[in-house]
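Overview (structure and organization)
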Amino acid sequence: MKIKHILIDLDGTLTDPHVGITRCIRYAMQKMAMPLDEHISLDWCIGPPLKASFLQLLQTADEEKAEQALAFYRERFSRVGLFENEVYPHVAVTLKTLREQGYTLWVATAKPTIYATQILQHFALADYFQHIYGSELNGVRTDKGDLIAYILERENLLADQCIMVGDREFDILGARKNHIKTIAVNYGYGTKEEIAAAKPNYVVDSFAALPTILEQLRA
């Protein structure tokens, strides 16, 4: 069946949130009296639910401590961090092209919807999307499979008319769980090994390659 709907991840796919996310994580860990060495890479924290990342960073199974760290993170992120961000090359023009070609675009991000919406509005990308779907601040729908299932049900979309675009294994595996084809971008935060292990249907080097891949699917 012809692809009509494109579900697109935010962090690592549409925008590069590295500066904002990592600075806010360091801020939170400082407030938790567990400052991180400045040379430690936090790239692995970009994409998965942050609470799970804080459990690892805090070296604890204490959910309340992770929630406190998350609250500190949001203390800075909601004011400053969400705008310490940069749109990847070719994103706006490619979104415009996809819309002109008749596709309906949806954001599917584990980031809370309230922040995802502000970011996309700030960078003048929000209007390209039919709707922006993310998680709730209480953690509901941070799992990408659950989020995609929610979008399909809420919008009455057929899985075989959809494709998911993302940079991490969570995007690929969450889409596969819902029987949706996948395109992985390899410029984000998923390593080559991670993407290969997740086995997306397609891999692209640039967001600008999406119309070509989708044209192949139509053919």
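Residues numbered from 1 in each chain as written. Predicted model: local features only at pLDDT ≥ 70, side-chain atom pairs only at ≥ 80, totals over all residues. Heavy atoms only, no water.

1. Considerations on the environment of Asp 62
Locating Asp 62 in the fold gives a position in the loop between α2 (50-57) and α3 (63-77). Considering only alpha carbons, one finds Asp 62 and Gly 145, 83 residues apart in sequence, at a separation of 25 Å. There is a polar contact of 2.9 Å between the side chain of Asp 62 and the backbone nitrogen of Glu 64. (Helix = DSSP H or I, 4+ residues; strand = E, 2+ residues; numbered from the N terminus. Polar contact = N/O pair within 3.5 Å; in protein donor to acceptor, adjacent residues only side chain to side chain.)

2. A word on the pairing of strand β6 (residues 162-166)
Where burial is concerned, most of β6 is hidden: five out of the five residues are buried. Burial along β6 is two-sided: the residues Cys 162, Met 164 and Gly 166 and Ile 163 and Val 165 are all buried. Examined bridge by bridge, strand β1 (residues 5-8) and β6 share four bridges and lie parallel to one another. The partner of Leu 7 across the bridge, within β6, is Met 164. In this sheet, strand β7 (residues 181-185) lies alongside β6 in parallel orientation, the contact comprising four bridges. Among the inter-strand pairings, Ile 163 is bridged to a residue of β7, identified as Lys 181. Chirality of the crossover, the property in question, places the unit of β6, helix α7 (residues 169-177) and β7 among those that are right-handed. (Buried < 20%, exposed > 50% of the residue type's maximum accessible area, 1.4 Å probe, protein only. Pairing = 2+ DSSP bridges. Right-handed = clockwise from strand over helix to strand, strands pointing away.)

3. Points about the nonpolar core
In a soluble, globular protein the nonpolar side chains are often hidden away together inside. With 51 residues, the main nonpolar core has Ile 6, Leu 14, Ile 25, Phe 54, Tyr 73, Leu 95 and Leu 120 as its most contacted residues. Examining the composition of this core, we find that six residues originate from one element, α3, more than from any other. Beyond its immediate chain neighbours, meaning those up to four positions away, Leu 95 contacts Ile 8, Leu 14, Leu 105, Leu 125, Tyr 128, Phe 129 and Phe 207. Ala 108, Leu 147, Leu 152 and Leu 157 belong to the second-largest nonpolar core, a separate cluster that totals 13 residues. (Core = buried A, V, L, I, M, F, W, Y, C linked by side-chain atoms within 4.5 Å. Contact = heavy atoms within 4.5 Å.)

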